[in-house]
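# A look at the structure
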Amino acid sequence: MILTPDRAMHIAQVLTEALPYIQRFVGKTVVIKYGGNAMVDDDLKSGFSRDVVLMKLVGINPVVVHGGGPQIGRLLARIGKQSEFIQGMRVTDKETMDVVEMVLGGQVNKEIVNLINQQEGRAVGLTGKDGALIQAEKLHLRRDTINFAIDNAEFVDLGYVGKVKQINTRVVDTLIQGGFIPVIAPVGMGEDGYSYNINADLVAGKIAEALRAEKLILLTNILGLLDKNGELLTGLTAGQAQSLIADGTISGGMLPKVQCALEAVGGGVKSVHIIDGRVEHAVLLELFTDQGVGTFIHGNI
């Protein structure tokens, strides 16, 4: 491609705009929850891996936490097992948990590691069971929080679905200090010796809190948070986000992500970014440009 004067000027402007952000974030940790379209579209996968490698090269410490729901669903369908969801959570019996571990800890995790390493990064794949990274406990879903009756029990049994009890950052800290990029599958181990399937957004938030991350980035399949007129909300304080939940502006599938964001900000993460993973290089655009590509939530007044 011939470098015309106009193109050269555009490149110079991009680099000039990015420089202060790079300087600000050198040595900082950024946790990225990777999922949605960005995980299944080949061009977006390639772009994401290049973004993560570039972050590491300029001195930022990216930590990737990934999901894999569609991949789990496809394998379950192939073996003739129907997926069941309650409140967006997959009911996980022992056979399903075996599939979850196989897909998340094997197939998906290794693919992401391979993509990053193909871009000359140094990624290392983990599940939450490695180094006792994610200490989990069984999630008890109260029956009065769902909109239909199953039985008369106080709690609904989701099987091996868990929540984060504690994060042990030692293994992640060691990898970061060694120049590696951790790629983490959201499977934890309980004190009862069982493996637990945990929502990837929640895991990313708790890891960001434990690492005292500068930023938590949640890749989604929408523009970001929208107001009641469908306009993008680019920046919110935690208090404003809570008000939007209270008045019903934030609801449905975005509610768990925003609650995750509020917990992370309340736990010491400087800001949380909910961005459109369908946009190529969305992570870099959010980090290194003035306008960004989604919604950020912060704790400052």
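Residues numbered from 1 in each chain as written. Predicted model: local features only at pLDDT ≥ 70, side-chain atom pairs only at ≥ 80, totals over all residues. Heavy atoms only, no water.

Rules: UniProt positions are given in the numbering used here, feature names are shortened, and annotations may be inferred rather than shown by experiment.
Per an unreviewed UniProt entry, the recorded name for the protein is Acetylglutamate kinase, and the organism is Candidatus Nitrosoglobus terrae. Looking at the Pathway (unreviewed entry) heading of the UniProt record, one finds this comment for the protein: "Amino-acid biosynthesis; L-arginine biosynthesis; N(2)-acetyl-L-ornithine from L-glutamate: step 2/4."

### A closer look at the side chain of His66
Where we set the bar: Strands are runs of DSSP state E lasting at least 2 residues, helices are runs of H or I lasting at least 4, and numbering of each runs from the N terminus. For every residue, the accessible area obtained with a 1.4 Å probe (protein chains only) is divided by the maximum for its type, and the residue is called buried under 20%, exposed over 50%, and partly exposed between those limits. Here a polar contact means two N or O atoms within 3.5 Å. Within protein one must be a hydrogen donor candidate and the other an acceptor candidate, and residues neighboring in sequence count only if both atoms are side-chain atoms. We call two residues in contact whenever any of their non-hydrogen atoms come within 4.5 Å of each other.
Relative to the assigned elements, His66 resides in strand E2 (residues 61-66). Owing to a relative accessible area of 0%, His66 belongs among the buried residues under this scheme. Within polar-contact distance, the side chain of His66 engages the side chain of Asn109 at 3.1 Å. Beyond its immediate stretch of four places on either side in the chain, His66 contacts Tyr34, Leu104, Val108, Asn109, Ile112, Val183, Ile184, Ala185, Pro186 and Ala200.

### Some details on the sheet that holds strand E5 (residues 123-127)
Strands in a sheet are paired, the pairing made by backbone hydrogen bonds, and the direction either parallel or antiparallel. Rules: Being paired, for any two strands, means DSSP has found at least two bridges between them. To get an axis, a line is fitted to the C-alpha atoms, and for a helix only the part in contact is used. The angle between two axes follows their N-to-C directions and goes from 0 to 180 degrees.
The mixed open sheet is built from eight strands, whose spatial order is E5-E10-E2-E1-E13-E15-E16-E14. The sheet is open, and its two edges are formed by E5 and strand E14 (235-237), each paired on a single side. Adjacent strand axes in the sheet meet at a mean angle of 20°, parallel and antiparallel pairs treated alike. Here strand E13 (residues 215-220) runs beside strand E15 (residues 271-276); their pairing, made up of six bridges, is parallel. The residue bridging Leu218 from the neighbouring strand is Ile274, located in E15.

### Looking at the pattern of salt bridges
The following threshold applies: By salt bridge we mean one thing: a side-chain nitrogen of Lys or Arg within 4 Å of a carboxyl oxygen of Asp or Glu.
A full pass over the atoms with the stated rule returns 16 salt bridges. In this structure, Glu95 and Lys81 form a salt bridge, with 3.3 Å as the shortest nitrogen-oxygen distance. One end of the pair, Glu95, is in helix H4 (residues 94-118); the other, Lys81, is in the loop between helix H3 (69-78) and strand E3 (85-86), and 14 residues separate them in sequence. Since its relative accessible area comes to 43%, Glu95 is described here as partly exposed. Connected through shared salt-bridge partners, Lys33, Asp201 and Lys257 make up one network.

### Topic: the nonpolar core
This is how it is decided: For our purposes a nonpolar core is just a set of buried Ala, Val, Leu, Ile, Met, Phe, Trp, Tyr and Cys residues, chained together by side-chain atoms within 4.5 Å.
One finds Val31, Ile184, Ile207, Leu216, Leu225 and Ile297 to be the most contacted residues of the largest nonpolar core, which totals 41 residues. Here the element with the most residues in this core is helix H8 (residues 254-266); it accounts for seven residues. The contacts of Leu225, once residues within four sequence positions are left out, are Glu231, Leu232, Leu233, Leu236, Ile250, Met254, Val258, Ile274, Thr295 and Ile297.

### Comments concerning the UniProt feature "site: Transition state stabilizer" (unreviewed entry) in the protein
Following the UniProt record, the feature "site: Transition state stabilizer" (unreviewed entry) maps to Lys33 and Lys257 here. The greatest C-alpha distance among the residues just named is 10.7 Å, despite their covering 225 residues of sequence, which places them together in space. Within the fold, Lys33 resides in strand E1 (residues 29-34). Overall, the relative accessible area of 10% leaves Lys33 in the buried class. Those residues in contact with Lys33 that lie beyond four places of it in its chain are Val65, Ala200, Asp201, Ala204, Ile217, Leu218, Leu219 and Lys257. In this structure, Lys257 sits in helix H8. When near neighbours in sequence (up to four residues on either side) are disregarded, Lys257 contacts Lys33, Asp201, Leu218 and Thr220. At a separation of 2.7 Å, a polar atom in the side chain of Lys257 contacts the side chain of Asp201.

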